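Survey of secondary and tertiary structure
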Amino acid sequence: MFAVIKTGGRQYRVVPDDVLEIGKIAGEVGTIVQLGEVLVLGGDTPVLGAPTVAGASVAAEVLQHKRGPKVIAFKKRRRKHSKRKRGYRDEITMLRITEILADGKAPTIGPRPKKEKVVKPAEGEGSDEAPKAATKKANSKKTSAKKAAAEAPAKEAPAKKAPAKKPAAKKAKSDD
């Protein structure tokens, strides 16, 4: 089943689980809003509204309020030393269509629960104790080598090697 809805002066064809960006509407993030201007209810027997279908609505979950891309209106009148630069960004609401309702019914599906981030256990955790000891030893060797390298320049500067000499160019044989 699909529906054609009108909001913000535009028309959208929607089906359940569609995600769409529309002009900003009232509603908190995570709540269900009802869009009442349904122009067409589609399916096996489509219903056309005149101008809207009576008792039909579309329920949607508000996902996010954001701003659209920056649009710049630049006008210039050549040779007149006149120019104007204005810009704006549209306010946008992202919706996920949850269900299409007919005959004045109320929405039955609530907002989706938010996904929790899964924290992966760090490597080496668990029953393996041997790898932990090996990594500690390896780390201690690295740190001791770094300490020694840091102390060495302070005590004595290492001797610099002379640049390698280039081999002499071969002389051409002369026929004497």
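Up top is the structure.
Definitions and limits used
Residues numbered from 1 in each chain as written. Predicted model: local features only at pLDDT ≥ 70, side-chain atom pairs only at ≥ 80, totals over all residues. Heavy atoms only, no water. Pairing = 2+ DSSP bridges. Helix = DSSP H or I, 4+ residues; strand = E, 2+ residues; numbered from the N terminus. Phe/Tyr/Trp six-rings, centres within 6.5 Å; stacked < 30°, edge-to-face > 60°. Lys NZ or Arg CZ within 6 Å of the ring centre and 35° of its normal. Salt bridge = Lys/Arg side-chain N within 4 Å of Asp/Glu carboxyl O. Buried < 20%, exposed > 50% of the residue type's maximum accessible area, 1.4 Å probe, protein only.

**Description of the pairing of strand β1 (residues 2–7)**
- Inspection of the sheet shows β1 paired to strand β5 (residues 38–42) by 4 bridges, in the antiparallel sense. Bridge pairing links Ala3 to Leu41 in β5.
- Hairpin connection from β1 to strand β2 (residues 10–14): 2 residues lie between these consecutive antiparallel strands, with Gly8 at a positive phi of about 65°.

**Section: the packing of aromatic side chains**
- Enumeration over the complete set of coordinates arrives at 0 aromatic pairs.
- Positioned over the ring face of Phe2 is Arg13, at 4.3 Å from the centre of the ring.

**Things to note about the pattern of salt bridges**
- One pass over the full model with this rule turns up 3 salt bridges.
- Here Lys66 ties to Glu21 by a salt bridge, and the two come within 2.9 Å at their closest N and O atoms. In this pair, Lys66 sits in strand β7 (residues 57–77) while Glu21 sits in strand β3 (residues 19–23), placing the two residues 45 residues apart along the sequence.
- Classification of Lys66 by relative accessible area gives partly exposed; the value is 28%.

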